[in-house]
Amino acid sequence: MVIQWYPGHMAKAKREVSEQLKKVDVVFELVDARIPYSSRNPMIDDVIKQKPRVVILNKKDMSNLKEMEKWKDFFVEKGYYPVAVDAKHGKNLKQVEAAAIKATKEKFEREKAKGLKPRAIRAMIVGIPNVGKSTLINKLANRTIAQTGNKPGVTKQQQWIKVGKLLQLLDTPGILWPKFEDEEVGKKLSLTGAIKDSIVHLDEVAIYGLNFLIAHDLERLQQHYKIDVNADAETLEWFDAIGRKRGLLRKGNEVDYEAVIELLINDMRNAKIGTYCFDIVQDMSEELSHDSNN
Ligand SMILES: Nc1nc2c(ncn2[C@@H]2O[C@H](COP(=O)(O)OP(=O)(O)OP(=O)(O)O)[C@@H](O)[C@H]2O)c(=O)[nH]1
Ligand SMILES: [Mg+2]
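Quantities reported herein were computed from a predicted structural model and do not represent experimental measurements.

Concerning a positive patch on the surface
Here is step 1: Together, K226, K245, R246 and K272 give the surface a local cluster of positive charge.
Here is step 2: Summarising the element assignment, K226 is placed in the loop between α8 (218-225) and α9 (235-246).

Quick word on the domain arrangement of the chain
Much of the literature gives interface size as the accessible area that the parts lose upon coming together.
Here is step 1: Taken domain by domain, the chain consists of domain 1 (9-180) and domain 2 (201-270).
Here is step 2: Spacing between the C-alpha centres of domain 1 and domain 2 amounts to 37 Å.

Regarding a negative patch on the surface
Here is step 1: On the surface, a cluster of negative charge is contributed by E181, D182, E183, E184, D203, E204, D283 and E287.
Here is step 2: You can see D203 is positioned in helix α7 (residues 202-216).

So, the packing of aromatic side chains
Here is step 1: Counted by the stated rule, this structure contains 10 aromatic pairs.
Here is step 2: When the centroid spacing of 5.8 Å and the interplanar angle of 70° are considered together, the rings of F212 and Y276 count as edge-to-face. Of this pair, F212 sits in helix α7 while Y276 is found in the loop between α10 (257-269) and α11 (285-290), placing the two residues 64 residues apart along the sequence. No difference in accessibility class separates F212 from Y276, as the two residues are buried.
Here is step 3: Where F239 meets Y257, the ring centres are 6.3 Å apart and the plane angle is 40°; that geometry is what we call tilted. Of the two residues, F239 is situated in helix α9 and Y257 in helix α10; the sequence distance between them amounts to 18 residues.
Here is step 4: Judged by its relative accessible area of 5%, F239 falls in the buried class.
Here is step 5: Positioned over the ring face of W160 is R122, at 4.1 Å from the centre of the ring.
Here is step 6: The ring of Y37 has K179 sitting right over it, with the charged end atom 3.8 Å from the ring centre.

Each value, and the rule that gives it
Residues numbered from 1 in each chain as written. Chains lettered and ligands numbered in written order. Predicted model: local features only at pLDDT ≥ 70, side-chain atom pairs only at ≥ 80, totals over all residues. Heavy atoms only, no water. Patch = residues over 30% accessible without salt bridge, like charges linked within 9 Å, V, L, I, M, F, W, Y side chains within 5 Å. Areas by Shrake-Rupley, 256 points an atom, 1.4 Å probe, with all protein chains shown as cover. Salt bridge = Lys/Arg side-chain N within 4 Å of Asp/Glu carboxyl O. Lys, Arg positive; Asp, Glu negative; His and termini not counted. Charge placed at Lys NZ, Arg CZ, Asp CG, Glu CD. Helix = DSSP H or I, 4+ residues; strand = E, 2+ residues; numbered from the N terminus. Domains from an automatic or database assignment. Phe/Tyr/Trp six-rings, centres within 6.5 Å; stacked < 30°, edge-to-face > 60°. Buried < 20%, exposed > 50% of the residue type's maximum accessible area, 1.4 Å probe, protein only. Lys NZ or Arg CZ within 6 Å of the ring centre and 35° of its normal.

Listed below in structure tokens is the structure:
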């Protein structure tokens, strides 16, 4: 689904999610495990407020375990309950229910003390486009859930889906906008396929990705493209080497840079070179301390 985010549309999205939130005990904030911070909605705390929160780092199969652990610590520190999953292949999904139970423990103890009967925990998923909301809903439900309300004229009849013994999940996720106002975040969102190609410069995205690989996984990069370029070489030298090796040439034996850019971006988006977490806690400490969401 292609979504254009305009100020009015954002306000509407926020309002709709806030409305739905009233029905649930816990929120599943879904993020991309390759960019657990950059794939968050910039106003998420303003939307979710004090509601118990499970942060689900999805697509863990494409990220870096060590860095994911650091992000989990970061979220624990905030009072959230993080879990890393691979919704596509159904990995670690049991942990979602377990985290929801922990996150709502106090609330249900309070209800019990008031004499209220035990009941299922109600949850909903929120996240930016493409983080895997639909995939996760379908896996948790164990069947394909046809989403309601995505098309004009379709009545928004929301359903509760039973997950495990204790959990009920709203079948319609809350979709919020990404942090596209920050250039670096925009490049990371593009590298993971979260935002449309047209709103970022693909050459800048490819260079950003290339520099990330040079800094963090030089040997894999060289081996993957079977090239022998030095870490301190100019970007063009890398592009030339990759283009020539792959035969991405134009008339006159010139390297087709557009094709090289496309190749690099696709290889990174599909984790063909390696599995990476592009948000690095240590490098972002300055930003993390200033973020209004924290
Ligand atoms: N490798 C991998 N791919 C995943 C995972 N979860 C989802 N995907 C893929 O990510 C893409 C987007 O997934 P969706 O479930 O459509 O994402 P969404 O959040 O519902 O997207 P919108 O409806 O556009 O907001 C699909 O190609 C999925 O197959 C995962 O855990 N691992
Ligand atoms: Mg979806």
